[in-house]
Structure formats: structure tokens, C-alpha cells
Amino acid sequence: MLSCDICGETVTSEPDMKAHLLIVHMENEVICPFCKLSGVNYDEMCFHIETAHFEQNELERSFARINTIQIRTSDNRKDNTLQCRVEVSSSVHSACASNHPKISAQSLPEDSALKHKAFYSENLTESRKFLTSKEKECDLSKIKGSIYETTYSPPECPFCGRTEDCSQDMENHVKTKHANLLDTPSEDHDQPLYDCPMCGLICTNYQILQEHVDLHLEESSFGQGIDRVQCSGDLELAHQLQQEEDRKRRSEESRQEMGEFQKLQRQYGLDNSGGYKQQQLRNMEIEVNRGRMHPSEFHRRKADMMESLAVGIDDGKTKTSGIIEALYRYYQNAATDVRRVWLSTGVDHFHSSFGDKGWGCGYRNFQMLLSSLLQNDAYDDCLKGMSIPCIPKIQSMIEDAWKEGFDPQGASQLNNRLQGTKAWIGACEVYTLLTSLRVKCHIVDFHKSTGPLGTHPRLFEWILNYYSSEREGSPKAVCTSKPPIYLQHQGHSRTVVGIEERKNRTLCLLIFDPGCPSREMQKLLKQDMEASHLKQLRKFVGNLKHKQYQIVAVEGVLSSEEKVREFNTNLLIG
């Protein structure tokens, strides 16, 4: 149902409303509902009401709102008000329709229809609330008195229940007696307001506020649940990432440790890449491929090596003999800057070959020491019938000493195996081998420097005391009965064959190095030896700056009882 904004007439459809507006309010004379102004068109009348009766129009709207509230709260008043509104509007419509035939919606001009449709849509709510004043201002002379008298009931005050004869009197009553209630903003002044503590929304009802806050709490709980799930997922992911990082770190550390271990294995000849024989053949093949060795020479050396390995005796191809005697002659006739010199007994120099280059220094120094012992009659009893063994034979001899029970700790470190490897040996293995041969010796450890700049002056003093018991009254050059000294330091070993005391009271060691080739050592055998040739032998205090040094010094021959005692001592140490 549609209601006319001007007169309150109700119709069933929008085309009927357009026809009503055209017939009743546009073609018919338009009269102001407040001051009875007429003779103007519809738009001018609207402008007149908005400008001349603005305050009264607002009161009418408030009054209409109050009527609407009254209608919703009182069933009896609703029936009376609706009956009055409908019947009066029907009477006005019937009276007006008797003078003006009904026009269809199609006959209404398009611009007029649009104009009144806009007016209708903008003022629908307010115009409905003018019902009482429009009923009063309608020309009731056109309505039959019988209909009016039968259907109309006097208006009743919605505040106090008082009735008046007409709507105008009721309006005046409401304006004067209940003016404070017509102020729309004051409608809610006495009503308590509730602020939402979470978002600040104002609610007029506590129950609504409670429901509103519950929604906040549900959203917060849901959000916290999501946060907990997200947090749990983040923690799990972080834990997985940490585990992956730890796994990679452990894998990298393990890889590095394995690499270092393999490097040490290669360095100390424990990488299972073969021993003396395999390296000798491989290096000779390289020399042949590079054109530095004739194939016939390769086969001749191979045959000599196989024969040497078969008998276990060194082939002597790297040996240089007679150097100690040549040095003695030189110091007697030259070396004016030397005050005294002490030399060991005769020693043959052995240098590294194709088969042991890079790892055989310990074996070569043992050959030098053994060569000196074999030239000393004092050791004939324990070394009777021996020759200088080849390196594989020395390895076998050390393994035999381990089997006897010597140096079990050292044997364990080398996996109880030397043959077929390029394993390094040091002072402990040399001591073990000499002791198993009943050669009395001991190890002296110089584990830290005793001089400035990392030097070891006490090492030099110890060697001087070893070779010389009486410093004064001795000739300039002395060939002692003392064997050479095995000297070990990190990564290398050498043989000490004597010591010089310079005129400035400094000491200088004379050292055979297995890394020095035979062609250089043979220069010392010349009759016209020069001081420059001794440069490769001389080592001053400032030349030995390794962190730690060990020496193996031979002192004589062990009896059978002493050998057993040394064996038991090794067992206790192991």
C-alpha cells in the first residue's frame, strides 16, 4: 500500500498514486494545509511550506512520530487512529474523485511523474506524519456528513490520554503541555548509554552491549587460537630448521675431521697407498715418462731393488762414506774461526731415494746411526753379522720388537703394522729397535725453548757434554768414540755427527740431513774442501727454533738382564 504525502490517501500501486497526484493535487487547486494559501502550482506550494511553515512543519513531523509510537504501544489507540486515518482519507479521495475522473498512469506526463516521484521518495516518511493536519485542512464540505459522523473519532493525547474535538486542538494541547517531549534529541537524554570497553561503540541496551562484547571475545579467542596454531607451527619449523642446521654442521665437522685425518694418514704414510716398493716403481716410471731415465736403466734399478728387498740389505746406492775422516783433516789444517771441534765415530751418510722420498728420514737416520755402531768394535757382540738393512727390513725389525712387547703404546698408534706402508717413525721407534738389539740408549726430551726467540741453548750444551768430558787441554779436532745422535723434531729427523766451539764461545752443531743428496755430500770428500761446503752441515743456535726436540743417544751395550729390565719397564709404561 502507498500513502499520499499530501493528503494521506492510500492506494494499492504506484500507477494509482501517480494518477492520484495528477488528479487531486496538480490539476485541482492546491491549498496550503497551514494557512489556506491557494492559487499556486504544486512546486510553489512545496517551496511555500518549506520556507513559511518550517517550524510548524517540524512540529507536525514530531507529532506524527509520537502518533506512530502511540500506535505501536496501544492496540486500542491503534485501531482508532488507523480507522480515522483510513476513513477520512477515503472520504477525501471519494469526494475528489467525483469531480475528476481517474486518469491512467500512461497519461501522466513523464517530467511530472519523475518530479513527483522524487518528491515522494524524499519526503515519504515526513509526509505520512502530516496526516492529522491534512485531515483537518481537507475540504470536508465535499464529504458527506453521514460518512464523517459515522467514522471519525476524536483524537486522543498519546501522553496523557486526553481527547479533543479536532486535531488542531490536540496539536495545541501537545505543543503547550508536552513541548519538552517533542524535542527529538531529548528523547534519549534520560536513557542510559553503555560504551563498549573494546571498541568504544555506544549501546542503549545492556543486553545488546553484552552480546556485542561476546562477539569481541569470540573473535579474540578465535584469533588467539590461530596465533597459537601459528606460533606452534613457527616453533616446529624453527626446531626443524635448527635440527637441519645442526645436522649440516655435524656433517661438515665430520667431513673436515675426516679430511684432516686422511691428510694425516697421507702425511704419516698410513693411507694404504703402498710402501717403499710401490713408490719406488711409480716414481721411476714417472722419470721414464719424462725422459729423465732410460727404460733400460729403469729395468736395471728395478732388478737391483727386488734383489735388495729379497735379502733385506740396503743396496748402498744412496750411501756416502768417509765424510767424518774428511772433516777431521779439514779442521786440523783450516777452520781458523773454530776453537775446538768434536766428531763422532765414522758415519755413512744415507739420503732418501725414489722409494722413501717424503717419509723415510727416520729410517735413513737409523741407517746412519747403525753404520756408526757397526764400525765400533764395542758393539760387535750385539750386532754381530749385521749389515745395513733396507727400509722394508727396518720396518719388519720394528714390528718384531713390538711383538716382543716393546713400546705397546707406539705399536697401537701405528696399528701394529709398518710393512707395506709409508708410515713415519720417530725417536720412540728408533729407541725400541735399538733396545731390542741390546743397544743401550735413552731419549732426552727438550720440550720447550730455553733461550730467547724460541732457541734451545741447553740442547747444544747437552750435546757438547755428550761428546766432550774434558774441554781444556784437548787438541783442536777430536774424533771421539761416541756414536752419532739421532735428532728428532716435528716433521723431520736428522743425525748429529759433531759439535764446534767457535772462538767467540758460541756452539755449532754438525748435522747429516737425509734430505741432502749424495752429490752435495761428496763435495766434502775433496782435498781442497772449502768452508762454504760446510754450510749444509753447520747449524747454530739460531737455526734450531722448533718448539720441541727429542734426541736418542747411544751409551753402550745392554746385558741380557738389562734388556729384560728394559722390556719390563716398557710394559709398565705401556
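The rules behind each value
Residues numbered from 1 in each chain as written. Predicted model: local features only at pLDDT ≥ 70, side-chain atom pairs only at ≥ 80, totals over all residues. Heavy atoms only, no water. UniProt positions renumbered as here; feature names shortened; annotations may be inferred. Helix = DSSP H or I, 4+ residues; strand = E, 2+ residues; numbered from the N terminus. Buried < 20%, exposed > 50% of the residue type's maximum accessible area, 1.4 Å probe, protein only. Contact = heavy atoms within 4.5 Å. Areas by Shrake-Rupley, 256 points an atom, 1.4 Å probe, with all protein chains shown as cover. Salt bridge = Lys/Arg side-chain N within 4 Å of Asp/Glu carboxyl O. Pairing = 2+ DSSP bridges. Expected span 1.5 Å × (residues − 1). Arc of directions from axis to C-beta. Axes fitted to C-alpha atoms, helices over the stretch in contact; angles between N-to-C directions. Parallel < 35°, antiparallel > 145°, perpendicular 65-115°, else oblique. Nonpolar A, V, L, I, M, F, W, Y, C, P; charged D, E, K, R; others polar. Disulfide = S-S within 2.5 Å. Core = buried A, V, L, I, M, F, W, Y, C linked by side-chain atoms within 4.5 Å. pLDDT = per-residue confidence, 0-100.

- Per an unreviewed UniProt entry, the chain carries the name Zinc finger-containing ubiquitin peptidase 1 and comes from Ailuropoda melanoleuca.
- Here is the UniProt Subunit (unreviewed entry) comment for the chain, exactly as written: "Interacts with RPA1 and RPA2."
- According to UniProt, the comment filed for the chain under the heading Catalytic activity (unreviewed entry) is "Thiol-dependent hydrolysis of ester, thioester, amide, peptide and isopeptide bonds formed by the C-terminal Gly of ubiquitin (a 76-residue protein attached to proteins as an intracellular targeting signal)."

1. Focus on the overall build of the chain
Line of reasoning, step 1. A tally of helices and strands in the chain yields 21 helices and 14 strands.
Line of reasoning, step 2. Counting over 574 residues, the chain shows a buried share of 41%.
Line of reasoning, step 3. For the chain, the share of sequence-separated contacts (at least 6 apart) that also reach a separation of at least 24 residues comes to 66%.
Line of reasoning, step 4. Within the structure as shown, the chain displays about 31800 Å² of accessible surface, and the carbon and sulfur contribution to it stands at 51%.

2. Structural notes on the UniProt feature "domain: C2H2-type" (unreviewed entry) in the chain
Line of reasoning, step 1. This chain's UniProt record puts "domain: C2H2-type" (unreviewed entry) on residues 194–221.
Line of reasoning, step 2. Taken end to end, residues 194–221 is 57% helix and 14% strand, and its first and last C-alpha atoms sit 23 Å apart.

3. Focus: the pattern of salt bridges
Line of reasoning, step 1. Taken as a whole and assessed by the stated rule, the structure comprises 20 salt bridges.
Line of reasoning, step 2. Among the salt bridges present, the one from Lys317 reaches Asp304, with a minimum N-O distance of 3.4 Å. Of this pair, Lys317 sits in the loop between α13 (295–311) and β5 (319–320) while Asp304 sits in helix α13, and the two are 13 residues apart along the sequence.
Line of reasoning, step 3. For Lys317, a relative accessible area of 46% puts it in the partly exposed group.
Line of reasoning, step 4. Among the ionic pairs, Asp337 bridges to Arg502, the shortest N-O distance being 2.4 Å. Placement of Asp337 in the loop between α14 (323–333) and β6 (338–343) and of Arg502 in strand β11 (residues 492–502) is noted, with a sequence separation of 165 residues between them.
Line of reasoning, step 5. Through salt bridges with shared partners, one network takes in Glu297, Arg300, Arg301, Asp304 and Lys317.

4. Some points on the pairing of β6
Line of reasoning, step 1. Judged by how many residues are buried, β6 sits mostly within the fold: 5 of 6 residues are covered.
Line of reasoning, step 2. Note: β6 against β11, 5 bridges, orientation antiparallel. Residue Trp342 lies in a different strand from β11, and its bridge partner there is Ile499.

5. Quick word on the side chain of Ser353
Line of reasoning, step 1. Relative to the assigned elements, Ser353 resides in the loop between β7 (349–350) and α15 (361–374).
Line of reasoning, step 2. Discounting chain neighbours no more than four positions away, the residues touching Ser353 are Tyr276, Gln280, Thr318 and Arg364.

6. Focus: α13
Line of reasoning, step 1. Taking 1.5 Å as the rise per residue, α13 with 17 residues should run 24 Å; its terminal C-alpha atoms sit 25 Å apart, in good agreement.
Line of reasoning, step 2. Of the residues making up α13, those classed as buried are Phe298, Met305 and Ser308. Axial view of α13: buried residues confined to an arc of 95 degrees, hence all on one face. Of the residues in α13, the exposed ones pointing more than 90 degrees away from the buried face are His299, Glu307, Ala310 and Val311.
Line of reasoning, step 3. The elements touched by buried residues of α13 are α12 (276–289).

7. Some points on the packing of α12 against α13
Line of reasoning, step 1. Packing of α12 against α13 leaves a shortest axis separation of 10 Å and a crossing angle of 170 degrees. Compared by their axis directions, α12 and α13 come out roughly antiparallel. Across the interface between the two elements, Tyr276, Lys277, Gln280, Leu281, Met284, Glu285 and Val288 of α12 pack against Pro295, Phe298, Arg301, Lys302, Met305, Met306 and Leu309 of α13.
Line of reasoning, step 2. Looking at the contact of α12 with α13, its residues break down into 9 nonpolar, 1 polar and 4 charged.

8. So, the state of the cysteines
Line of reasoning, step 1. Considering all chains together, one arrives at 0 disulfides under this definition.
Line of reasoning, step 2. Cys196 forms no disulfide, and the closest cysteine sulfur to it belongs to Cys199, at a distance of 3.6 Å.
Line of reasoning, step 3. A relative accessible area of 4% places Cys196 in the buried class.

9. So, the nonpolar core
Line of reasoning, step 1. Membership of the largest hydrophobic core comes to 61 residues, with the highest contact counts inside it found for Leu327, Tyr331, Leu434, Val439 and Phe512.
Line of reasoning, step 2. With near-sequence residues (within four places) excluded, Val439 lies in contact with Leu373, Tyr379, Cys382, Leu383, Leu434, Val554, Gly556 and Leu558.
Line of reasoning, step 3. The next biggest cluster of nonpolar side chains, apart from the first, holds 21 residues, and it includes Tyr466, Leu507, Ile511 and Tyr549.

10. Some words on unusual backbone geometry
Line of reasoning, step 1. Positive phi is not limited to glycine here, since Ala335 has a value of about 60 degrees.
Line of reasoning, step 2. With respect to the helices, strands and loops of the structure, Ala335 is situated in the loop between α14 and β6.
Line of reasoning, step 3. Assessed through its relative accessible area of 6%, Ala335 is described here as buried.
Line of reasoning, step 4. Despite not being glycine, Arg505 has its phi angle at roughly 70 degrees, a positive value.

11. Side note on the confidence of the model for the chain
Line of reasoning, step 1. Per-residue confidence for the chain gives a mean pLDDT of 78, with 74% of residues at or over 70.
Line of reasoning, step 2. Here residues 68–150 is a poorly scored stretch, pLDDT under 50, and it has 99 contacts once near neighbours within four places are set aside; other chains count.
Line of reasoning, step 3. Below a pLDDT of 50 lies the segment residues 184–189, which in the model reaches 3 contacts outside its immediate sequence neighbourhood of four places, other chains included.

12. Structural notes on the pairing of strand β10 (residues 485–489)
Regular strands place side chains that alternate from one sheet face to the opposite one.
Line of reasoning, step 1. Among the 5 residues that make up β10, 5 are buried, leaving the element largely enclosed by the rest of the structure.
Line of reasoning, step 2. Neither face of β10 is open: one carries Ile485, Leu487 and His489, the other Tyr486 and Gln488, and all of them are buried.
Line of reasoning, step 3. The pairing of β10 with β11 spans 5 bridges and is antiparallel. When the bridges of β11 are listed, Gln488 appears paired with Ser493.
Line of reasoning, step 4. Counted along the chain from β10 to the antiparallel partner β11, the turn is 2 residues long, and its residue Gly491 has a positive phi close to 85 degrees.
Line of reasoning, step 5. Judged from the 4 bridges that link them, β10 and strand β14 (residues 549–557) form a sheet pairing that is antiparallel. By the bridge assignment for β14, His489 is matched with Tyr549.

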